[in-house]
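Results of the structural survey
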Amino acid sequence: MVSYTESPLLSSLRGRVPGIPSEARHALCDQLEIGMRELYTHLPQKMSAFGIDPIAQLRALRASREGNFTRRMLRIINGLKDRHTTLRMPPPWSALVAYVPFVIERVYHDDLPHYVVTKQLFGYDEIPVGATVTHWNGTPIHLHINALARETQGSNWAAALRLAMANLTIRPLAYVLMPGENWVTINYVDPDGTARAVSTPWRFYSTAAGAQSHGSVKAGDVP
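Right, let's walk through the structure included here. Since the structure is predicted, the reported quantities are computational estimates derived from the model, not experimental observations.

Examining the packing of helix 1 (residues 22-39) against helix 3 (residues 54-63)
In helix packing, the relevant descriptors are the interaxial angle and the interaxial distance, both defined with respect to the helix axes. Where helix 1 meets helix 3, the axes come as close as 9 Å, and the angle between the chain directions of the two elements is 170°. The pairing of helix 1 with helix 3 is recorded here as roughly antiparallel in orientation. Side by side, helix 1 and helix 3 meet where H26, C29, D30, L32, E33, M36 and R37 of the first sit next to P54, I55, L58, R59, L61 and R62 of the second. Of the residues contributing to the contact of helix 1 with helix 3, the split by class is seven nonpolar, one polar and five charged.

This is the structure in structure tokens:
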């Protein structure tokens, strides 16, 4: 088994995406606008329910010269809060999964939520199974999860929270925004009651056919 420390760093992908030509940006925005106006029957409902105007957002994106085009487009589509309407990123992003090497799940004790490490991935053992996570990068963990939930496609708050938990430490970059940070500092209380903190970087692996268990993406492979 390949260890976590042998996985490539997510930070190695940053800054390697050239700008999309303006003609391609315009075509993408135009086609999405046509699809929403003429084919997406839920558009009026979504606009009313969530106070959004994706047509206006697409037109503003088309006219903009700012960077982060694909990130902004993904936000527009995710803002529809519709799991059946998604934007799938092109290769190699479609095969990449960003992760930190543990799974956190929500459990309830005395009707209060607690966020517990339930799995360690790829041989990682710095945070023990059973540890209760209290903070993520200095933010109380429940507030961080609430912020993630607002970025998901969940059409109601319960669904949004469920998606946020699912994408908390494992994020398929085909559909989910790349984490904004290069590493995570976790504050937790271990099973014997001792408060601790540990930092670990985001890494990634590839699910592409023929990739090794963690895969690797060379700089030149990143569009």
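Structure shown, so let's carry the discussion forward.
What to know about the side chain of K46
Tracing the backbone shows K46 in helix 2 (residues 43-50). For the buried K46, no salt bridge is present, and the opposite-charge side chain at shortest range is D82, 4.6 Å distant.

Focus on the nonpolar core
Counting residues in each nonpolar core, the largest one holds 39 residues, and the members touching the most others are L10, F102, I104, I127, W136, I145 and I186. Elements with a minimum of two residues in this core: strand 1 (96-99), strand 2 (102-109), strand 3 (112-120), strand 4 (132-136), helix 5 (141-149), helix 6 (157-166), strand 7 (183-189) and strand 9 (203-206). F102 has contacts with V117, K119, Q120, L121, Y124, I127, T169, I186 and T200, leaving out every residue within four places of it along the chain. Counting 16 residues, the second largest nonpolar core, distinct from the first, contains L43, L61, M73 and L177.

As for the sheet that holds strand 6 (residues 170-172)
Read across the sheet, three strands follow the order 6-1-9 without closing on themselves; strand pairing throughout is antiparallel. Lying at the two open borders of the sheet, with one neighbouring strand each, are strand 6 and strand 9. Ignoring strand direction, the axes of neighbouring strands in this sheet form an average angle of 25°.

With respect to the pattern of salt bridges
Scanning the model with the defined rule gives six salt bridges in all. With a closest N to O distance of 2.7 Å, R62 and D30 form a salt bridge. Of this pair, R62 sits in helix 3 while D30 sits in helix 1, and the two are 32 residues apart along the sequence. What makes R62 partly exposed here is its relative accessible area of 32%. Between E33 and R37 there is a salt bridge, with the nearest N and O atoms lying 3.2 Å from each other. In this pair, E33 and R37 both sit in helix 1, four residues apart, roughly one turn of the helix.

Brief notes about the pairing of strand 9
Across a regular strand the side chains alternate sides, sitting on one face of the sheet and then on the other. The side-chain alternation of strand 9 yields two buried faces, one formed by R203 and Y205 and the other by F204 and S206. Relative to strand 9, strand 1 is paired through four bridges, and the arrangement is antiparallel. Each residue of the ladder has a partner; that of A98, found in strand 9, is F204.

Side note on the side chain of S7
Its location among the elements puts S7 in the segment before helix 1. Judged by relative accessible area, which is 3%, S7 ranks as buried. Only 2.7 Å separates the side chain of S7 from the side chain of Y99, close enough to count as a polar contact.

Quick notes on the packing of aromatic side chains
A full pass over the atoms with the stated rule returns seven aromatic pairs. Where F122 meets Y205, the ring centres are 6.1 Å apart and the plane angle is 70°; that geometry is what we call edge-to-face. Here F122 is found in the loop between strand 3 and strand 4, whereas its partner Y205 is found in strand 9, with 83 residues between them in sequence. By relative accessible area, which is 22% here, F122 ends up partly exposed. Aromatic ring contacts, followed pair by pair, group Y4, Y99, F102, F122, Y124 and Y205 into a single cluster. The ring of Y4 carries R203 above its face, with NZ or CZ at 4.9 Å from the centroid.

Parameters at a glance
- Residues numbered from 1 in each chain as written.
- Predicted model: local features only at pLDDT ≥ 70, side-chain atom pairs only at ≥ 80, totals over all residues.
- Heavy atoms only, no water.
- Axes fitted to C-alpha atoms, helices over the stretch in contact; angles between N-to-C directions.
- Helix = DSSP H or I, 4+ residues; strand = E, 2+ residues; numbered from the N terminus.
- Parallel < 35°, antiparallel > 145°, perpendicular 65-115°, else oblique.
- Contact = heavy atoms within 4.5 Å.
- Nonpolar A, V, L, I, M, F, W, Y, C, P; charged D, E, K, R; others polar.
- Buried < 20%, exposed > 50% of the residue type's maximum accessible area, 1.4 Å probe, protein only.
- Lys, Arg positive; Asp, Glu negative; His and termini not counted.
- Salt bridge = Lys/Arg side-chain N within 4 Å of Asp/Glu carboxyl O.
- Core = buried A, V, L, I, M, F, W, Y, C linked by side-chain atoms within 4.5 Å.
- Pairing = 2+ DSSP bridges.
- Polar contact = N/O pair within 3.5 Å; in protein donor to acceptor, adjacent residues only side chain to side chain.
- Phe/Tyr/Trp six-rings, centres within 6.5 Å; stacked < 30°, edge-to-face > 60°.
- Lys NZ or Arg CZ within 6 Å of the ring centre and 35° of its normal.

Take it as geometry only, folks, not as evidence of what the structure does.
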